[in-house]
Amino acid sequence: MINLILEFIFFLLASCTIILSFAGYGNFLIYKFNNNFFEKIFSGIIIITFLVTLIHFFFKISFYITVGLLFLGLILFLRDHKSSLTKLYKPNLLYLIIFLILVPIYISQKYHEDFGYYHLPYVITMIEEKIIFGLANANSAFAHNSIWLNILPIFYINENYDFVLIPTFLIYLVFIIYSVSLIINEKIKTISSFFLIVCLFYIVLKFTRISEYGNDIPALIFTILAILNFFKFQEERNLKKKLSYFFCNFSFTVFAILIKFSVIPVLILSVYLFLKNYKNLSPEILKIRYIFIYILGITFFLQQFVYTSCFIYPSTLTCINTSWFDPIILNSIDRLELINKSYAETNGSITKAEFLKNFNWVSYWFNRNYSEILEHLLTMIFPVILFLFISNKTNSPKKLEFKKIKIFIFFILIGFLFWFTFSPVYRFGIIYFISTIFLITLYFYQNRFFSKKKFTILILIFLLFNFSKNIIRIYDEDKIFYGIKKIKNEFLEYKNNNNERFSVFYPDNQKNIKNGNGWQGRLCWDIKFLCSYSEIDINSFNNYLIIKKSK
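Report follows, based on the coordinates.

To continue, consider the state of the cysteines. Summed over all chains, the structure comprises two disulfides. With a sulfur-sulfur separation of 1.9 Å, Cys-310 is cross-linked through a disulfide to Cys-319. Across the S-S bond linking Cys-310 and Cys-319, the dihedral sits near 100 degrees, which makes this disulfide right-handed. Overall, Cys-310 belongs to the buried group, its relative accessible area being 1%. Here Cys-319 falls in the buried class, since its relative accessible area comes to 17%. The connectivity of the disulfide bonds within the protein chain can be written as 1-2, 3-4, using the sequence rank of each bonded cysteine. Of all cysteine sulfurs in the structure, the one in Cys-199 sits closest to Cys-248, which takes part in no disulfide; the separation is 16 Å.

Put into structure tokens, the structure is as follows:
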């Protein structure tokens, strides 16, 4: 019990330090008149992710780099807020309650199915070696990389990965507190606040297991923030604030796309705002904060080129035939398409080519996914209906003017088309489902009086539901600790490795299955560097490693 209390204190202090460090960096991106502490955190995450990505081109992400980055952010925060610390730390009981309610999420977490497959091995790779040319040849999952994985290595400390997912937990926590703060402090009823209400209810009720949703949570949150700022741009008349909202929309959009390509359609909203407000926005896009976002994107795509020899995987148009290029890796996209469209449901009754032809896959996909999609849709709709039901009907309904409803509908339609065509897995299309529910229920919201008291009570009830699920889960655990449940896999060494400096390892499937690790026994997990799922050749050039598939 004493150990758990000490762990909680450490977890609390670490969370606060990381949040303040993020906010310290974020001050460089947001407009000077914007004093929103939470938006500084979101922007700070973008900056520190860029710094880790850039540093890794030249150095491995060591413990000293971790400490340096977090300490510098903390110094920047204290420098910029030294005159307002009292105001910043003014106690807020509601926010403290939210934090305490959500803490159990991080206790004795169950790992995400991809965590041992490529999330953790990627983290270990960044810690053990600077950027590796042809890294995707060791693990094809590295080919379709997410920029979110680049921030995780600074939380892998002394071979302990219990805190690797803390940035995912913190962005989830900060988003919820930010949303509650924005909604209850809104002076008038707005479209943007209702959109946030719909998103908030769903995220609190459905995302109760941080580790089980991988990179989906940060991608979804930054996409929601991008759309939120799209709405706020329309609602604002002050030009300076409109410029700030557009930058937030654009920067959050770009970052969300770099986390998950499945949200690319949200870029439609940014492009639309720019074209419709070209006169005011065109001088802005060459300013330093925008240039930083461009450099962020370029840096990420350069990283992808180093890993795969393709700037944008899996587009063959962006691939260059380098010494580490393996054209076979492009075939993995076909395998992923079959998985995402539920080919396994056929039990081999039709060929793969026939399955993908003329939408033959749709019936199999529907049988596999309709119950999951229905469950999520009900989780979106039910809390909104309940909220509208308990809200009093206003005698003089004020119509909320949705100025750009056509472009928003267009965004949703293109989003669904993109999702359904390329990767119809529910979690890749969450934002399009949420946006649809928001549009459908917006009409009814206009006829209701918004009560801060009722909203606060309802969100606390939903948070307590979240809390109870995790408490029940923790109660059934044999061991209670802050962090992730671990799989310890035995491993073997490839004998045909041509590089004397490095050994290449792979999971010992038979031993791991005997040890009770199940299918997770086939994954690299924290097997020491370098773990590969296939035989590879490693060469060196100017102190950089180059990985090629063994012939």
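Continuing now.
Now for the pairing of strand 3 (residues 536–541). Consecutive residues of a regular strand have side chains that alternate between opposite faces of the sheet. Here strand 3 pairs with strand 4 (residues 544–549) via six bridges, running antiparallel. Paired with Phe-541 across the strands is Tyr-544, a residue of strand 4. Between strand 3 and strand 4, which pair antiparallel in sequence order, lie two residues; one of them, Asn-542, sits at a positive phi of approximately 55 degrees.

Of note, the amide linkage connecting Phe-529 to Leu-530 takes the cis form, showing an omega dihedral of 5 degrees. Looking at the element boundaries, Leu-530 is found in the loop between helix 20 (509–514) and strand 3. The phi torsion at Glu-159 lies on the positive side, around 60 degrees, for a residue other than glycine. Mapped onto the elements of the fold, Glu-159 is located in the loop between helix 6 (115–128) and helix 7 (166–184). In this structure, Asn-542 is a non-glycine residue whose phi angle is positive, near 55 degrees. On the secondary structure map, Asn-542 appears in the loop between strand 3 and strand 4.

This paragraph deals with a nonpolar patch on the surface. Taken together, the side chains of Phe-63, Tyr-64, Val-67, Phe-71, Ile-75 and Ile-157 make up a nonpolar region of the molecular surface, amounting to roughly 640 Å² of accessible area. Positionally, Phe-63 belongs in helix 3 (residues 63–81). For Phe-63, a relative accessible area of 48% gives the class partly exposed.

Take the packing of helix 9 (residues 216–235) against helix 10 (residues 239–259) next. Across the interface, helix 9 lies against helix 10 with an axial gap of 8 Å and an inter-helix angle of 155 degrees. Comparing the axis directions of helix 9 and helix 10 gives the class roughly antiparallel. Note that helix 9 runs across helix 10; the crossing there is left-handed. Every residue of helix 10 that contacts helix 9 at Pro-218, Ala-219, Phe-222, Thr-223, Leu-225, Ala-226, Ile-227, Asn-229, Phe-230, Lys-232 and Phe-233 is listed here: Lys-242, Tyr-245, Phe-246, Cys-248, Asn-249, Phe-252, Thr-253, Phe-255, Ala-256 and Ile-259. Split into classes, the residues belonging to the contact of helix 9 with helix 10 amount to 15 nonpolar, four polar and two charged.

Analysis parameters
- Residues numbered from 1 in each chain as written.
- Predicted model: local features only at pLDDT ≥ 70, side-chain atom pairs only at ≥ 80, totals over all residues.
- Heavy atoms only, no water.
- Disulfide = S-S within 2.5 Å.
- Buried < 20%, exposed > 50% of the residue type's maximum accessible area, 1.4 Å probe, protein only.
- Pairing = 2+ DSSP bridges.
- Helix = DSSP H or I, 4+ residues; strand = E, 2+ residues; numbered from the N terminus.
- Patch = residues over 30% accessible without salt bridge, like charges linked within 9 Å, V, L, I, M, F, W, Y side chains within 5 Å.
- Areas by Shrake-Rupley, 256 points an atom, 1.4 Å probe, with all protein chains shown as cover.
- Salt bridge = Lys/Arg side-chain N within 4 Å of Asp/Glu carboxyl O.
- Axes fitted to C-alpha atoms, helices over the stretch in contact; angles between N-to-C directions.
- Parallel < 35°, antiparallel > 145°, perpendicular 65-115°, else oblique.
- Left-handed = near helix turned anticlockwise from the far one by under 90°.
- Contact = heavy atoms within 4.5 Å.
- Nonpolar A, V, L, I, M, F, W, Y, C, P; charged D, E, K, R; others polar.

No statement about biological role is implied by the geometric values presented.
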